[in-house]
Structures are given as C-alpha cells and as structure tokens.
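What follows is the residue order along each chain.
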Amino acid sequence: MKRPKLKKASKRMTCHKRYKIQKKVREHHRKLRKEAKKRGRKKPRKDPGVPNSAPFKEALLREAELRKQQLEELKQQQKLDRQNERNKKRKLETDPDVKLSNTEPVTEELGQRKAKKAKTSKQNPKRLYCQELKKVIEASDVVLEVLDARDPLGCRCPQVEEAIIRGGQKKLVLVLNKSDLVPKENLENWLSYLNKELPTVVFKASTQQKDKRKRIKLVKVKKKAALSKSEVCVGKQGLWKLLEGFQKTSGKAIHVGVIGFPNVGKSSVINSLKQEQICSVGVSMGLTRCMQLVPLDKQITIIDSPCFIVSPLNSAPALALRSPASIEVVRPLEAASAILSQADAQQVVLKFTVPVFTNSLEFFTSFAQRRGLHQKGGSPNVEGAAKVLWSEWTGAFLGYYCHPPASWTPPPHFNESIVTDMKWGFDLEELEKNNAHSIQAIKSPHLASSILFQSSGLTNGVIDENDIPEELLKQKKQKQEQESYEDVKMDQGIVDEEGDDESLAMSPAEEACETLSEKSRADKQSAPSFVLDKMTEEEDDVYDFSTDYV
Ligand SMILES: Nc1nc2c(ncn2[C@@H]2O[C@H](COP(=O)(O)OP(=O)(O)OP(=O)(O)O)[C@@H](O)[C@H]2O)c(=O)[nH]1
C-alpha cells in the first residue's frame, strides 16, 4: 500500500515572532562588530589578487608562490629547533652528567665545579686534612687538644702546639679523654704533670652503643636522640664552666676548636658536650674528614676537625698508634708488633690469657687461637689477630697506661711566659675542684689489670701541606721534569740568554724544597719505614701530579 505523503511543515509564523527574531539577529551582529572594534582587529581584507590586466602576471604569481614556500620552510625549521631545545633541557634536568658535557653558560659553571671536585678527589687526602686543620686553628679562640689518657704525651704534637702559640691570642687547653681506661693514681700523676704546662681537663666521653662489642646487644639510637644513661659522660661540667668563664672574661662569643690525633675521642667529646650524636664517632681511625661547626650555646661554638697527620720521622710504635688508617697504608702485623714491643710482656700474657711468648709471631699465633681466629685450612689467622690487637689498642675498651716523666721540663716550644699566657683568663681553682670531682666519679680499672706501656714521647706531626712526604716527592719530580725540559731546550738552542739565567737560577722556595726533600729522603732511610714505604710508591702512581701541582 502506498504510504501517504507527509505534509511539509509550514514556515508561516506570526509577524510578532518574525520581527522578534530579526531584531535578535541584528543585535547579535552589532555586538560582534562592537567587540571586533574594541579588539582593534578588523577582518582581514580579501586579497584581490593580481589583476588580469597586469603585465608579467604569471612571473609575479610564481615569485609569490616561492616566497610562501620559503616562509613555510623557515617556520618548520624554527619549530624543529624549538623541539630540540626542549629535549635538551629535559635531558639536562634528568641526567646531571650530561649537564657538564653541554657548553651552555649554566653548564660552564657546573663544569668548573665538577673539575674542582675531581681535582679535590685526586688530591692527596693528607693535604686536605692539613688544610682543614689550619682552618680550624685559624678560626678558634680556644683550642682543645684531646689526649688519650693511656698515652697523653704520645698524643701531643709539638708542631701543632707551636702553630697555635704562633697564632697569638689563642688559648690551648688539654683534654685528658678516655680517663676511664687508666688507673686512678696514674690519672692523678698525669694531671699534676700536665697542669704545670697547660690547663688540663679530666674527661670521659659518653660512648656510643654501637661501639660496644658484639656481645652487647645493639640498640638502634635515633640520630639526635639523647644518649643513654649508662653511657655517662664525666668532666662535661668542668670543661663547660672553663669555656664559659673564658668567654665571660673575653667578653665576646668564642669559637672552640677540637683537635688531636686519630681516635683520641674528639668527636665523642663534642657529642658529650652537646648531648647529641652530632659528629660521627667510630672505631676506625681518621673518621672525621672536614671541619664541622657545632653551636654549644649562643656564645660558644665548637669546631670538630680531622686528625693530625703523623710525620714519618716518628718511631714505629708512634706511627702504629697515630697513623689514620683511612689515609695511611698500615701493615697490621708490623704495626701490632711495634705496639707489642713497647708493652709489658707479662701483663700482656695475663690480660689476653695467652702462654708466655718469645716473639710477636708466637704471641699472635696463640692470640688467634685464643680468640678463635682461623684461616681456611684451620691454621691460626696471625694477620687477623694483629688487626684485632691494633684496633683494641686504639679503641674504646683496652686499659693500659704510661708513666709520666719523672720531672717536668718544658718542651722547646714552651717557656714560662707562654705558660702564664695560656693560663690567663681561666678559672684554674674551679677547674681543679671539678677535676678532683671527675676523678672521684670515674670508674677506673685496677693497676694490676692494666698493661704498662712505654710511651715514645711527643709525636711529630705535619701541619704544612708542603711538608707532606708525598708532596716533597712530587715537587722534586716536577723540578726534575722542568730541568730535563730546560736541557732539551738548551740542546735545541731555543733558549735566549735572559730565559737561560732565569731557568738556571734557583728561587729560595725551590732551594728550601730541595733541602726538605733531601732531608726527608735521608730521614726516611734511617726512620722505620713500615708505614710509608708502600704508601709513597703506590700513591705516587695514583695521584695526578700535573693537576695537583699549581
Ligand atoms: N672508653 C672510652 N672510649 C672513648 C672515649 N671517648 C671516645 N671513645 C671511643 O674512642 C673511639 C674514637 O672516638 P672518636 O670520637 O671517633 O674519635 P676521633 O678523635 O673523633 O676520631 P677521628 O674522627 O677518627 O679522628 C670511639 O670508639 C669512641 O667510642 C672515652 O672517654 N672513653
């Protein structure tokens, strides 16, 4: 059946509605024109094109087309460049290593920084230690020289003390730390001996839980949490009052540098004063590598420092005890043998419960057996035993002591006026009282259970980075290279007369270097070489001399 055709809707409407629509449209157009006028942008006029009557119409059109193409290409190129730039930036942000390979102004600075860092890392670490130590001494008003009470004289460095005295207006105070590891009577003797020279504070730093041997259960202490009550610090009040008193006398805020040989307890003393684990402490020697400022209160700021660098001219036991293992190559067996040679053999036997021994190897063999240190085949680990003894001798638990010299003679860098100068500004009476109180409070080992040790006396240190043996060798090598270069130039006949005079004449600094290096070579031959023999040969290759020598 055919579907009926649908009737088309009529467009008829009332006039009122039609006029209303027309009005609305007009209003809308008016509005658009107004907005366009406000924006100041008129509708672009339509290009009328080249009239047909124009001569060379085709050539003109071709030219226009070409220009259009060029413009398009240029736009495309700019777009690509922008994209590349964005990619590069993204790469720089994600990969710090790429930063330095790109040569933009920002990266240039970064490159310089990296070059400096690379140079520092290549630099002899001893050089850095010396530089840091000098900075600490320079910045300090009072310098605390921390001594291990088991060998106080061996922990004193005449070169550093001399530098402090030369600095003028600086005070030097001795801190007799690890007082809990020596018998009481010995501690008193040392105190009266050292007090003749410099103000001395008896101290026992609070030690970290993690330093206790494995048999003690490790307790995780939060980094800035207060130290546990069992790890009591003794002498804190005495030291604090001494510094406070000096600060009041001087009438200004003071900086207090804490210096000393490795493992004497510099960082532990600071942590005890601050009652926070603010400086890193550990059994490994030479842990602190750069200076660290620790504000004690508004007026007193403490500065932690890296340890002194030991001079190779010292005796073998001194080198064994005072060389920072982090930067010196120390052979444990030789170091431990040197230490053992200075200890009372009978007391060593009793302390470590080993049979009587005739030589160090025999001792280490029985010591290894006693401690259960064995190698793969079951033979005693002599090297391991030596390591244990060496670390115990510089660690936090072994009790041993030295006798102070029978009579007091001021060291060459001290005289009466310096002694009185150093004591000025301190309340010594109060210090004496506090020290007596500390000695009472410290739980000391018995004389019978301690080992008597023969001290080697003051330990020589290196304070100037140019006196470091490796540096002297480096300078000598440089000089030789320069000389050979001059010879080649002379052979070629390039050198003019003026240049010749300059190159052949030695500057006073060069002469000093030459004599120093000659001296160090001569001394090295006579001095025990268990530490430096290997080090000088190896590090000679490791460090880039051409970079360091500026
Ligand atoms: N028994 C005892 N041990 C201490 C005392 N003071 C420090 N120690 C321990 O000695 C070891 C070395 O202490 P540190 O404070 O790291 O010594 P340092 O002088 O700062 O060492 P470096 O940073 O290597 O130069 C640590 O195992 C401490 O626990 C103390 O008064 N008594």
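Definitions and cut-offs
Residues numbered from 1 in each chain as written. Predicted model: local features only at pLDDT ≥ 70, side-chain atom pairs only at ≥ 80, totals over all residues. Heavy atoms only, no water. Helix = DSSP H or I, 4+ residues; strand = E, 2+ residues; numbered from the N terminus. Buried < 20%, exposed > 50% of the residue type's maximum accessible area, 1.4 Å probe, protein only. Contact = heavy atoms within 4.5 Å. Areas by Shrake-Rupley, 256 points an atom, 1.4 Å probe, with all protein chains shown as cover. Expected span 1.5 Å × (residues − 1). Arc of directions from axis to C-beta. Pairing = 2+ DSSP bridges. Axes fitted to C-alpha atoms, helices over the stretch in contact; angles between N-to-C directions. Parallel < 35°, antiparallel > 145°, perpendicular 65-115°, else oblique. Nonpolar A, V, L, I, M, F, W, Y, C, P; charged D, E, K, R; others polar. pLDDT = per-residue confidence, 0-100. Core = buried A, V, L, I, M, F, W, Y, C linked by side-chain atoms within 4.5 Å. Domains from an automatic or database assignment. 1 Å grid on protein atoms, 1.4 Å probe; cavity = no way out; pocket = protein on both sides within 12 Å on 5 of 7 lines; lining within 4 Å. Points joined across faces, edges and corners; volume = space filled by probe spheres on them.

**Student:** How would you summarise the overall build of the protein chain if you had to cite specific residues and measurements?
**Tutor:** Within the protein chain one finds 21 helices and 10 strands. Evaluated residue by residue, the protein chain yields a buried proportion of 39% over its 550 residues. Here the analysis covers contacts within the protein chain between residues at least 6 apart in sequence; of these, 76% occur between residues at least 24 apart. Accessible area of the protein chain: about 34,100 Å², with a carbon and sulfur share of 53%.

**Student:** Tell me what's going on with helix H7 (residues 184–195), and back it up with residues and numbers.
**Tutor:** In this model, H7 (12 residues) spans 16 Å end to end at C-alpha, consistent with the 16 Å of a helix rising 1.5 Å per residue. Every buried residue belonging to H7 is among Asn 186, Leu 187, Trp 190, Leu 191, Tyr 193 and Leu 194, and all of these are buried. Around the axis of H7, the buried residues are gathered within 165° of arc, so they sit on the same side. Each element contacted by the buried residues of H7 is listed here: strand E1 (142–148), strand E2 (171–177), strand E3 (200–202), strand E8 (400–401) and helix H16 (428–441).

**Student:** I'd like a description of the sheet that holds E1, backed by residues and values.
**Tutor:** As summarised here, the arrangement of the six strands in space is E3-E2-E1-E4-E6-E5, forming an open sheet in which the pairing is mixed. Unpaired on one side and paired on the other, E3 and strand E5 (292–295) mark the two borders of the sheet. For this sheet the average axis-to-axis angle between neighbouring strands, irrespective of direction, equals 25°. Two elements, E1 and strand E4 (residues 254–259), share four bridges in a ladder whose sense is parallel. When the bridges of E4 are listed, Leu 144 appears paired with Val 258. The strands that helix H9 (residues 266–274) touches are E1, E2, E4, E5 and strand E6 (300–304); relative to E6, the one it contacts most, it runs at about 155°.

**Student:** How would you sum up the packing of helix H8 (residues 236–250) against H9? Please name residues and give values.
**Tutor:** In contact at an axis separation of 10 Å, H8 and H9 are set at 85° when each is read in the N-to-C sense. Between H8 and H9, the angle falls in the class roughly perpendicular. Residues Lys 236, Leu 239 and Trp 240 of H8 form the contact with H9, whose participating residues are Val 269, Ser 272 and Leu 273. Of the residues that constitute the contact of H8 with H9, the class distribution is four nonpolar, one polar and one charged.

**Student:** Can you explain the environment of Glu 185? Please cite residues and give values.
**Tutor:** As for its placement among the helices and strands, Glu 185 is situated in helix H7. Taking the C-alpha atoms as reference points, Glu 185 and Ser 444, separated by 259 residues in sequence, lie 9.6 Å from one another.

**Student:** Would you mind going over the pairing of E5 in detail, with residue names and values included?
**Tutor:** By the bridge criterion, four bridges tie E5 to E6 in an arrangement that is antiparallel. The residue of E6 that forms the bridge with Gln 292 is Asp 304. Where E5 hands over to E6, the hairpin turn is made up of four residues, counted between the paired strands.

**Student:** How would you summarise the confidence of the model for the protein chain if you had to cite specific residues and measurements?
**Tutor:** The pLDDT averaged across the protein chain works out to 78; a share of 77% of its residues lies at or above 70. Every residue in residues 98–107 scores below 50 in pLDDT, and together they form 11 contacts with partners more than four places removed in sequence or on other chains. Confidence drops under pLDDT 50 across residues 494–513; counting only partners more than four residues distant or on other chains, this segment forms 12 contacts.

**Student:** Tell me about the environment of Phe 364, and name the residues and values.
**Tutor:** Tracing the backbone shows Phe 364 in helix H13 (residues 360–371). Judged by relative accessible area, Phe 364 falls into the buried class, the value being 0%. Taking C-alpha positions, Phe 364 is 8.9 Å from Ser 337, a pair spaced 27 residues apart along the chain. For Phe 364, the residues in contact, after removing those within four places along its chain, are Leu 333, Ala 336, Ser 337, Leu 340, Val 382, Ala 385, Ala 386 and Leu 389.

**Student:** Account for the nonpolar core, with residues named and values stated.
**Tutor:** One finds Phe 363 and Trp 393 to be the most contacted residues of the largest nonpolar core, which totals 94 residues. Looking at which domains feed residues into this core, each of domain 2 (125–209 + 226–310 + 401–462) and domain 3 (316–394) gives three or more. Apart from the residues lying within four places of it in its own chain, the contact partners of Phe 363 are Leu 340, Val 348, Phe 352, Val 354, Phe 357 and Leu 389. Counting seven residues, the second-largest nonpolar core is a separate cluster that includes Tyr 129, Cys 130, Ile 309 and Ile 468.

**Student:** Residues and numbers for empty space enclosed by the protein, please.
**Tutor:** Taken as a whole and assessed by the stated rule, the structure comprises six cavities of 30 Å³ or more. Looking at the largest cavity, its volume works out to about 50 Å³. Residue lining of the largest cavity: Asp 151, Gly 154, Ala 318, Leu 321, Arg 322, Phe 453, Ser 455, Ser 456, Gly 457 and Thr 459, and that is the complete set. When its residues are assigned to classes, the lining of the largest cavity shows three nonpolar, five polar and two charged. Built from parts of two domains, the lining of the largest cavity gets at least three residues from each of domain 2 (125–209 + 226–310 + 401–462) and domain 3 (316–394).

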